[in-house]
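# Chains, contacts and geometry: an overview
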Amino acid sequence: MNDDVRNLVLGLLATGISASLGWLARTYLWRRELRRKQGFFGLPEHAESLLVVNRDPAATEPAVHRFDVFALLELSALIKECGAHAEVVTQDAVRQGFGERTEFCVGGPASNRRMAAHLSAMLPGLRINTAPEPVAERGRFQIGGEHYLMERAVSEHVLLARVTTEDQARPVFLFCGQSAITNQAATRYLARHHTRLARKYGDGTFVLLLRVRNSGAYGPDVVELVADVTRAARGPLPEPEPEPAGSA
C-alpha cells in the first residue's frame, strides 16, 4: 500500500469517525431535550393526557369556537412530540380528579365548568367576572388586588398556568382567556417558550398573565408577558375595605 492509498484510507476513517461522533452528540442532545420536555409536561413516552375543551357560549347548540380548535391543535402537536397520547373530552363530560394524567384545560369559567372548578380549588386569589352586564366589566380579571379589563380585539388578557399539588403526579395546564383567540395565543406562547419556562420553573407551579395585542389585526401572534402572578393567584383575595362609618 503506497502513501497515497494509505492517506485516502485514513481520511475516510477520520471522516467516518467524525460523522459518527457528530451523530451521537446530536442524538444525545436531542434525547436530553426530549426528556426535559417530557418532564415539564408530565408526559413520558406512551403516557395518556387529557384535553378538556370548552363550549362556544355564542352558539345555540354545543359547539367549539374555531380558535379553541386551533388551540387544541397546538397542544396536540406538543403531546405528539413527547411521544404521548391525548383524549379530547368536553368540559361537562369529565368525571375525575386531577393528577393521574396531565391535563390541558382550555377556556374561561363561563364556558368551561372544569376550568371554574380548577380556579376555585387551585387559584383562590383569582376572580373572573362572568356576568354579561355591564359590558365594560365582562371578562374582567381580578388577581389579588389588581384588576384587568378587556378591550376586545385591541387589548385582551389570558392566564397561562402550570399547577401541581404536593401529592399530584401530573400537572394541570390552564389556558384561561378573556376571549377564544387569547386561549390560542396562550397555547402558542407555551409551544414557543416551554424550554425557557422549564428552565425557570422546573416542575413547579407558575401562573403567568399575558396580554394579546390587537388580535383583530394580528390574530394570536402578538403576545407580551404582563407579570408572573403566581403568588397573588395562589393566595387569598384581599378583604374588601370597610365602608366609612355613617355612610348610607
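The structure contained in this document is the topic of the report that follows. Everything numeric in this text was worked out from a predicted model, so none of it was measured.

## Some remarks on the packing of aromatic side chains
Inspection of the entire model under this criterion finds eight aromatic pairs. Between phenylalanine 40 and phenylalanine 41, the aromatic rings sit 5.0 Å apart at their centres with planes inclined by 75 degrees, giving edge-to-face as the arrangement. According to the relative accessible area criterion, phenylalanine 41 is buried, its value standing at 1%. Following the ring pairs from residue to residue traces out a cluster consisting of Phe40, Phe41, Phe104, Phe173, Tyr201 and Phe206. A cation over a ring is seen here: arginine 66 above phenylalanine 67, with NZ or CZ 4.4 Å from the ring centre. Against the face of phenylalanine 40 rests arginine 162, its NZ or CZ located 5.4 Å from the ring centre.

## Things to note about the nonpolar core
Formed by 29 residues in total, the largest nonpolar core has its most connected members in Phe41, Phe104, Leu160, Phe175, Leu190 and Leu197. Every element with two or more residues in this core is listed here: α1 (3-41), β1 (48-53), α2 (66-81), β3 (102-106), β7 (155-163), β8 (172-177), α4 (180-201) and β9 (206-213). No other element matches α4, which puts six residues into this core. Grouped together as the second largest cluster of nonpolar side chains are 24 residues, Val52, Leu119, Phe141 and Leu209 included.

## Focus: the sheet that holds strand β5 (residues 141-143)
Spatially, three strands are ordered β4-β5-β6 in an open sheet, and the strand pairing comes out antiparallel. On the outer flanks of this sheet lie β4 (126-128) and β6 (146-148), each paired with one strand and no other. Strand-to-strand twist of the sheet, defined as the mean angle between neighbouring strand axes without regard to direction, takes the value 15 degrees. Here β4 runs beside β5; their pairing, made up of three bridges, is antiparallel. The residue bridging arginine 127 from the neighbouring strand is glutamine 142, located in β5.

Here is what the cut-offs are and how they apply
- Residues numbered from 1 in each chain as written.
- Predicted model: local features only at pLDDT ≥ 70, side-chain atom pairs only at ≥ 80, totals over all residues.
- Heavy atoms only, no water.
- Phe/Tyr/Trp six-rings, centres within 6.5 Å; stacked < 30°, edge-to-face > 60°.
- Buried < 20%, exposed > 50% of the residue type's maximum accessible area, 1.4 Å probe, protein only.
- Lys NZ or Arg CZ within 6 Å of the ring centre and 35° of its normal.
- Core = buried A, V, L, I, M, F, W, Y, C linked by side-chain atoms within 4.5 Å.
- Helix = DSSP H or I, 4+ residues; strand = E, 2+ residues; numbered from the N terminus.
- Pairing = 2+ DSSP bridges.
- Axes fitted to C-alpha atoms, helices over the stretch in contact; angles between N-to-C directions.

Any functional reading would require information that these geometric values do not contain.
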